[in-house]
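# Structural overview
In case you want the letters, here they are:
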Amino acid sequence: MHYNAIFWVIIAIVSVSFVWGQIRAALNRSMMSDELPPQLVGIYEPDEYARQQQYQRVDGKFSLISRSASTLLMLAALFTGALGLLEARLSMVTTNHVLLPLLVMLVIAVVLLVLDLPFDYYDTFVIEERFGFNKSSKLTFFMDALKELLLTSVLMGVVVAVIAFLYQLSPTWFWLWAWAALTFFSVGLSYFYSQLIVPLFNKQTPLEEGALRDALMHLAEQTDFPISEVFVIDGSKRSTKANAYFAGFGKRKRICLYDTLIDDLEVEEIVAVLAHEIGHYKKRHIPINIALTVGLMGMQLWLMSLLLGSAALATAMGSTTGAPSLILGLIAFSLLFGPVSELLSVGQNMLSRRFEYQADAYAARFGYGQALINGLCVISSKALSNMTPHPVVVFWTYSHPTVLQRMQALGIAHFERKTEDEG
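Rules and cut-offs
- Residues numbered from 1 in each chain as written.
- Predicted model: local features only at pLDDT ≥ 70, side-chain atom pairs only at ≥ 80, totals over all residues.
- Heavy atoms only, no water.
- Helix = DSSP H or I, 4+ residues; strand = E, 2+ residues; numbered from the N terminus.
- Buried < 20%, exposed > 50% of the residue type's maximum accessible area, 1.4 Å probe, protein only.
- Lys, Arg positive; Asp, Glu negative; His and termini not counted.
- Salt bridge = Lys/Arg side-chain N within 4 Å of Asp/Glu carboxyl O.
- Contact = heavy atoms within 4.5 Å.
- Polar contact = N/O pair within 3.5 Å; in protein donor to acceptor, adjacent residues only side chain to side chain.
- Pairing = 2+ DSSP bridges.
- Core = buried A, V, L, I, M, F, W, Y, C linked by side-chain atoms within 4.5 Å.

### As for the side chain of Asp259
With respect to the helices, strands and loops of the structure, Asp259 is situated in helix H8 (residues 259-264). The buried charged residue Asp259 lacks any salt bridge partner; its closest oppositely charged side chain belongs to Arg238, at an N-O distance of 9.3 Å. Once you skip the residues sitting within four places of it in the chain, Asp259 turns out to touch Val232, Ile233, Asp234, Gly235 and Ser236.

### Some words on the environment of Asp34
For Asp34, the position within the fold is in the loop between helix H1 (5-30) and helix H2 (46-80). Residue class for Asp34 comes out exposed when judged on its relative accessible area of 70%. It is 42 Å that separates the C-alpha atoms of Asp34 and Ser194, two residues lying 160 residues apart in sequence. In terms of polar contacts, Asp34 uses its side chain to reach the side chain of Arg57, at 3.4 Å.

### A word on the pattern of salt bridges
Inspection of the entire model under this criterion finds eight salt bridges. For the salt bridge of Arg213 with Glu209, the shortest nitrogen-to-oxygen distance reads 3.6 Å. Arg213 sits in the buried class, given a relative accessible area of 14%. Here Lys237 makes a salt bridge to Asp234, at a shortest N to O gap of 3.9 Å. For Lys237, a relative accessible area of 35% puts it in the partly exposed group. The buried category is assigned to Asp234, whose relative accessible area is 19%. Here the residues in one salt-bridge network are Glu356, Asp360 and Arg406, joined through shared partners.

### As for the pairing of strand S4 (residues 254-258)
The element S4 is extensively covered by neighbouring structure, given that five of its five residues are classed as buried. Relative to S4, strand S2 (residues 229-233) is paired through five bridges, and the arrangement is parallel. Residue Ile233 lies in a different strand from S4, and its bridge partner there is Tyr258.

### A closer look at the nonpolar core
Generally speaking, a soluble globular protein has its nonpolar side chains buried in company with each other. Residues Leu216, Ile255 and Leu257 are the most contacted members of the largest nonpolar core, which totals 48 residues. The leading source of residues in this core is helix H9 (residues 267-282), at seven residues. Beyond its immediate stretch of four places on either side in the chain, Leu257 contacts Leu212, Leu216, Val230, Phe231, Val232, Ile233, Asn243, Ala244, Ile262 and Ile270. The next biggest cluster of nonpolar side chains, apart from the first, holds 36 residues, and it includes Phe7, Leu100, Ile327 and Leu330.

Here it is, written out as structure tokens:
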């Protein structure tokens, strides 16, 4: 194994990334308190807040262990040249310029699944179970893992196969054709996500007639928002945590509500969540994000095209031949691009938070500001979410503002949900 300059740069990137992650975690821990903060009074009861703090501590310790294990695994693979050895062994099976990268990618995917599985199992059946979130059976858990492996293999296989095939045809201009092909693939996948991907894991059923459906349809008509259907997703078979989203483009939009969301929130609060999502549509946030993602993908592919022919990249990944390698070059580039990707994500998060504020303001225009905050507070408190993270962590990693920041932006001072006794 030859440790060249690129190798040591990659080692530094992996190490600094781990340390920076732990610094952010420590900053969040510094915000923890044994007493209920004044700004959370009404959102949490003291005993539930104590439970939330306990959950954050347990989850934080587990994250440290799992992140440490994955980092050590990565460093071990790099120092031993395991990836280069893997390619060398698989090249005895095939030297085809498309099949060989696919085989390497598939083996890596399987190894990562096997290594991650014990951590995922512990997280689901020990931590999430302990705090009352897990509703998944062991059969569902392992079937999900298998489906995720197959899905990841197919999706990553398409990406690797497209790049490998086009790179063989034109090492100089492959990035341009790959950009076009992967843009078509990713946008198409987004369009059919709800119809093709979601059914692999969850059952979707049309929302029954009633007050909720009528209220949602009324809002859609009021805001001139085209909806083809409203579906309920059986998220409760895995977790008690709630979620909602809408999918599709043009007139083929569908609202997808988790059954846990319907159970936890009142009708007006669910309508407020939809009003927020409609705000994203009206402000054209979705096409802006798609255009940004496509542009960044093109930039990344172009930069990749400048480096893939380098034998030094393959050597840094443990190549036994010292010759350029497409798959080893892809892996090395993804690691080298990590800091750039991290900085770009900070900028994307800043834009995303701005979009969230705009969507909140749109919902408030229709009188749903308080109901939206109520719903967000209920969702966050039931999920035992960290509602007082460190500002540095919010700036660096949060794609959404905190609930307290959103309250302040809307000029809402308190969580004011009516109790059943108040009618």
